[in-house]
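Chain and residue survey
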Amino acid sequence: MPPPLITIAEARRRVLAATRPLGHELIAVTQALGRVLARDLTAAGDTPPFPCSAMDGYALAPGPAGRRLKVVGESRAGAPAERAPGDGEAIRISTGAAVPHGAVAVIRQEDVDADGELIHTRADTAPGENVRRPGEDMTAGTLVLRAGTTLQAAELGAAVAAGAGAVEVTLRPRVQVLCTGDELREPGASLEPGEIHNSNGPMLTALAAGCGAVTRPAQRLADDRAATERSLHGALAGADAVVLSGGVSVGPHDHVKPALAALGVEEVFWGVALQPGKPTWFGTRNGTLVFGLPGNPVSAFVTFALFARPALARLQGAVAAGRLEGTAVLSADVPRNPHRDQAIRVRLERRDHELVALPNGPQASHIVTSLIGADALALIPAGDGVLGAGTEIALEPLPGRC
Ligand code: AMP
Ligand code: MG
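Residues numbered from 1 in each chain as written. Chains lettered and ligands numbered in written order. Predicted model: local features only at pLDDT ≥ 70, side-chain atom pairs only at ≥ 80, totals over all residues. Heavy atoms only, no water.

Split into domains, the protein comes out as domain 1 (8–22 + 172–315), domain 2 (24–46 + 136–170), domain 3 (52–132) and domain 4 (328–397). Taking the mean C-alpha position of each, domain 3 and domain 4 sit 61 Å from one another. (Domains from an automatic or database assignment.)

Turning our attention to the pattern of salt bridges. With the rule as written, the count across this model stands at 13 salt bridges. The partner of Arg122 in a salt bridge is Asp113, with the nearest N and O atoms 3.1 Å apart. Arg122 sits in the partly exposed class, given a relative accessible area of 46%. One continuous salt-bridge network, built from bridges that share partners, spans Glu10, Arg13 and Arg14. (Salt bridge = Lys/Arg side-chain N within 4 Å of Asp/Glu carboxyl O. Buried < 20%, exposed > 50% of the residue type's maximum accessible area, 1.4 Å probe, protein only.)

Within the structure, ligand 1 sits among 15 residues, and Glu183, Asn198, Gly247, Gly295 and Asn296 are positioned closest to it. In the model, an oxygen atom of ligand 1 is placed 2.6 Å from a nitrogen or oxygen of the Glu183 side chain. In this structure, an oxygen atom belonging to ligand 1 sits 3.1 Å away from a main-chain N or O atom of Asn296. With the chains in place, 75% of the 480 Å² that ligand 1 exposes on its own is no longer accessible. Here ligand 1 is seated within the largest pocket. Counting only elements with at least two residues in the shell around ligand 1, the list comes to strand S13 (174–180) and strand S15 (196–197). Looking at the shell around ligand 1 residue by residue, the class counts come to four nonpolar, 10 polar and one charged. (Near = heavy atom within 4 Å. Polar contact = N/O pair within 3.5 Å; in protein donor to acceptor, adjacent residues only side chain to side chain. Areas by Shrake-Rupley, 256 points an atom, 1.4 Å probe, with all protein chains shown as cover. 1 Å grid on protein atoms, 1.4 Å probe; cavity = no way out; pocket = protein on both sides within 12 Å on 5 of 7 lines; lining within 4 Å. Sits in = over half its atoms within 2 Å of the grid points. Helix = DSSP H or I, 4+ residues; strand = E, 2+ residues; numbered from the N terminus. Nonpolar A, V, L, I, M, F, W, Y, C, P; charged D, E, K, R; others polar.)

Compared with an ideal rise of 1.5 Å per residue, which puts 13 residues at 18 Å, helix H4 (residues 225–237) spans 19 Å between its outermost C-alpha atoms and is within 8% of the ideal. The set of residues buried in H4 consists of Ala227, Thr228, Leu232, Ala235 and Leu236. Along the long axis of H4, the arc covered by the buried residues comes to 155°, so they all point the same way. Within H4, the exposed residues directed more than 90 degrees away from the buried face are Arg230 and Ala237. On its buried face, H4 sits against S13, strand S17 (219–221), strand S18 (241–245), helix H5 (256–262), strand S21 (281–285) and strand S22 (288–293). Two or three places before Ala226, at the opening of H4, Asp224 has a side-chain oxygen 3.2 Å from that residue's backbone nitrogen. (Expected span 1.5 Å × (residues − 1). Arc of directions from axis to C-beta. Contact = heavy atoms within 4.5 Å.)

Here it is in structure tokens:
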């Protein structure tokens, strides 16, 4: 007898409650794309570190238009001028080059007429004009990035500007995907009657990798109790999370649950009031997370998004773990399921200042093409009749990053 179904929110709460962040390591910032900061990152010094020019032009004392100045040196990016300009003098300067002492302004080269070693200024120059002050971007000691931030391009740029050469990041979770099913064949293999391609293997492995996990190719498990137990035994030994597809229902060839029980994996829940994804199973053994996802590809994808993805984020200490993001209004009536919430795949369009969710074609759990081009999952609460067009619904972003 299956236990009563729990809600999506309760299932997610139990997953997160069972998930402990992994340890840390220090790595080169150049290797840190996609990693999660384990400690706050503060600026080592001021950025910019010195007064520098915002323009190509001439460094000079402030003053009115119509001056005639002698160019007595040059300050290039990376090669400051050797002397400061005196009275009646200017220094040729490039964008980003150090502004010499005594010259507190820069006039753009478009605003002068150059004549050999002389320039004639055609614009007034105010104190500080076209000069970037030290620390305008960051001052030494200021908090630049918080622990839990995922390092993408912008964050990497800021970390390097802040002076970081190495960053303390959390460990990447090791994830092994196991696909159960005698009917499964490798991608591209010719199929005998009754066989299908193992689409969940590469799909779930890619989802895990997209969440920052270290993955190995998915393994296929025959629908056989002993073989299931053997493969699971190996996978549990080398992974922080094991993601299974198929074999978690109540059919005579569903061996995952008894095999997990025999291996000491403790069940946390089995059965979520969710369509697609009802038979989702979750358990743990010594901190290793085990997700038993349903075999239908859409169910596997949706339940990975709702339950495994927040867990992988939490393992990495990512701050966005478990967040439900945003709302939209339904473009069309959607039939409700009386007993289960539905996670339908939608495309999002902005219309008249409203974000509109359009169901992305047929929604059955074997229609893998319903995932293509979808922007989000829209959560349709259980109930009778239809949820009408125009109703506001909660969105769950589809995985791309955690
Ligand atoms: P199961 O959960 O094992 O009862 O499988 C439910 C449905 O999903 C069946 O139609 C399976 O053939 C299909 N299925 C199971 N595993 C996979 C897989 N790895 N790739 C594609 N379809 C699958
Ligand atoms: Mg099966």
